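Structure assessment
Each chain, written out:
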Amino acid sequence: MSNQAPTFDPGDFEFADNSERVQIDRNYTSQSYWKDAFIRFKSNKGAIVGLVIILIISFFAAFGPMMSEHTYKSINIKHKSLAPRIEGFENSFIFNGVANGINSYEQKGLDDVYYIFGTDTLGRDLWTRTWEGTRISLYIAVIAVIIDMLIGMIYGLVSGYFGGSIDNAMQRFIEILSSIPNLVIVTLLIVILKPGLVTITLALMITGWIGMSKVARAQMLKLKGQEFVLASRTLGAGNFTIIFKDILPNIFGQIIIMSMFSIPTAIFTEAFLAFIGLGIPQPMASLGSLISESFKSMTIYPYMIVAPVVVLALLMLSFNLLADGLRDALDPKMKEM
């Protein structure tokens, strides 16, 4: 067997092409939780669209009634049942004042009169009434968040933290409230009180916070045994200091998400109550009452129901999109690495 060392020619080897196999490590810069959440929220197109729609609707709810010379309760029988008409669109296929092939403006000699959303059967401006009704829905949205934060969150955190007989009693109370349908509670309130925003607000205060309390309690049960809670207790921190300074900041993202998801439910509850006649009394308007009134004339004047239905649908859809985006942004488990 030969001990001679092997020899190689220059053409025996060639460099391997590893361009497709090379892996480049990503370098993530250190950034705060809220900044990271904002970046992820900004990249969610659906959430951004929902936020923009909410801002647009809020703008018209605030300033829309001021754009018209009519109030939400002003009645003009001469202008009743007029189709939507915008200046400059008289010869177009929409907003030309024509409904069912008839131009009521020309029949009544109202050549210089314009109603963007038309008028109802009493001659009231639907533009003003729609945005006045949107104010009611946005008010309900704000009230729902406040109730969730002030009642549901605190109730759930206290119940979950102390546990034992306190938690047992508090949870039995919730079960009793949950067993009573919301419609029954609202009906009883209307029997005692007069229909209006106060009645709806009280109805939300009675049962609207139950879902939030369950989420807050579940988060508390998960975190109250963690090491940082034991460390705070060892250093002499009081119970409420631990609840609101140590545990609450760690679950605030989930609290915000739950609050946002409760808004569409609250808005729909108000609209449903108004639709069945248990909501805002006349001549005030809410989106639900507008839909209820327009529904009676839908076969003859279908345009009357379009504006409140579209605004209500956009509002509920936008809050759902926004809540979904906040869930993806604030929940660390949703982060894609």
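Residues numbered from 1 in each chain as written. Predicted model: local features only at pLDDT ≥ 70, side-chain atom pairs only at ≥ 80, totals over all residues. Heavy atoms only, no water.

**Brief notes about the overall build of the protein chain**
Spelled out, the test is: Put simply, DSSP H or I for four residues or longer makes a helix, DSSP E for two residues or longer makes a strand, and each gets a number counted from the N terminus. In this description, contact between two residues means that some pair of their heavy atoms is separated by no more than 4.5 Å.
Scanning the protein chain from terminus to terminus reveals 12 helices and two strands. Going residue by residue from the N terminus, the α and β elements of the protein chain occur as α-α-β-β-α-α-α-α-α-α-α-α-α-α. Nonlocal contacts in the protein chain, meaning residues at least 24 apart in sequence, comprise 74% of its contacts between residues at least 6 apart.

**A closer look at the environment of L287**
With respect to the helices and strands, the residue L287 is situated in helix α11 (residues 287-296). Those residues in contact with L287, other than ones at most four positions away along the chain, are T130, G133, T134, S137, P308, V311 and L312.

**Description of the packing of helix α10 (residues 239-275) against α11**
Basically, it comes down to this: Here the axes come from fitting lines to C-alpha atoms, over the contacting stretch only for helices, and the angles between their N-to-C directions go from 0 to 180 degrees. The sense of a crossing depends on the near helix, which, turned anticlockwise from the far helix by less than a right angle, makes the crossing left-handed and, turned clockwise, makes it right-handed. As a working rule, the residues Ala, Val, Leu, Ile, Met, Phe, Trp, Tyr, Cys and Pro are called nonpolar, Asp, Glu, Lys and Arg charged, and the rest polar, with Gly in that last group.
At a minimum axis distance of 7 Å, the contact between α10 and α11 shows a crossing angle of 40 degrees. As for the relative orientation of α10 and α11, their crossing is right-handed in sense. Contact with α10, carried on its side by A271, A274 and F275, involves G288, S289, I291, S292 and F295 of α11 and no other residues of that element. Here the residues of the contact of α10 with α11 are counted per class, giving five nonpolar, three polar and no charged.

**Digging into unusual backbone geometry**
Keep this limit in mind: Partly exposed residues are those whose accessible area sits between 20% and 50% of the maximum for their type, while under 20% is buried and over 50% is exposed, using a 1.4 Å probe and protein chains only.
For S81, which is not glycine, the phi torsion reads 55 degrees and is therefore positive. As for its placement among the helices and strands, S81 is situated in the loop between α2 (45-63) and β1 (98-99). For S81, a relative accessible area of 10% puts it in the buried group. Of note, F95 is a non-glycine position whose phi angle comes to about 50 degrees, a positive value. Locating F95 in the fold gives a position in the loop between α2 and β1. Note on F95: relative accessible area 30%, which makes it partly exposed.

**Re α10**
Rules: To estimate how far a helix should reach, multiply one less than its number of residues by 1.5 Å. One fitted axis covers the seven residues ending at a residue, a second covers the seven starting there, and the bend at that residue is the angle between these axes.
A rise of 1.5 Å per residue sets the reference length of α10, with its 37 residues, at 54 Å; its end C-alpha atoms lie only 46 Å apart and thus fall more than 12% short of the reference. Taking the largest bend as the criterion, α10 deviates by roughly 65 degrees, centred on L248, and proline P249 comes between one and four positions later. Backbone geometry just downstream of α10 places G277 in the positive-phi region, at approximately 90 degrees.

**Section: the pattern of salt bridges**
Where we set the bar: When a carboxyl oxygen of Asp or Glu is within 4 Å of a side-chain nitrogen of Lys or Arg, the pair counts as a salt bridge.
Here the structure, examined in full by the defined rule, presents 10 salt bridges. When the shortest N-O distance is used, the salt bridge between E132 and R135 registers 3.5 Å. Of this pair, E132 and R135 both sit in helix α4 (residues 126-162), three residues apart, which is roughly one turn of the helix. Take E132: its relative accessible area is 18%, and that puts it in the buried class. Looking at R135, the relative accessible area reads 31%, which means it is partly exposed. In this structure, D324 engages R327 in a salt bridge whose closest nitrogen and oxygen atoms are separated by 2.2 Å. Of this pair, D324 and R327 both sit in helix α12 (residues 303-330), separated by three residues, roughly a single helical turn. Since its relative accessible area comes to 32%, R327 is described here as partly exposed.

Functional significance is not addressed by these values, which are geometric in nature.
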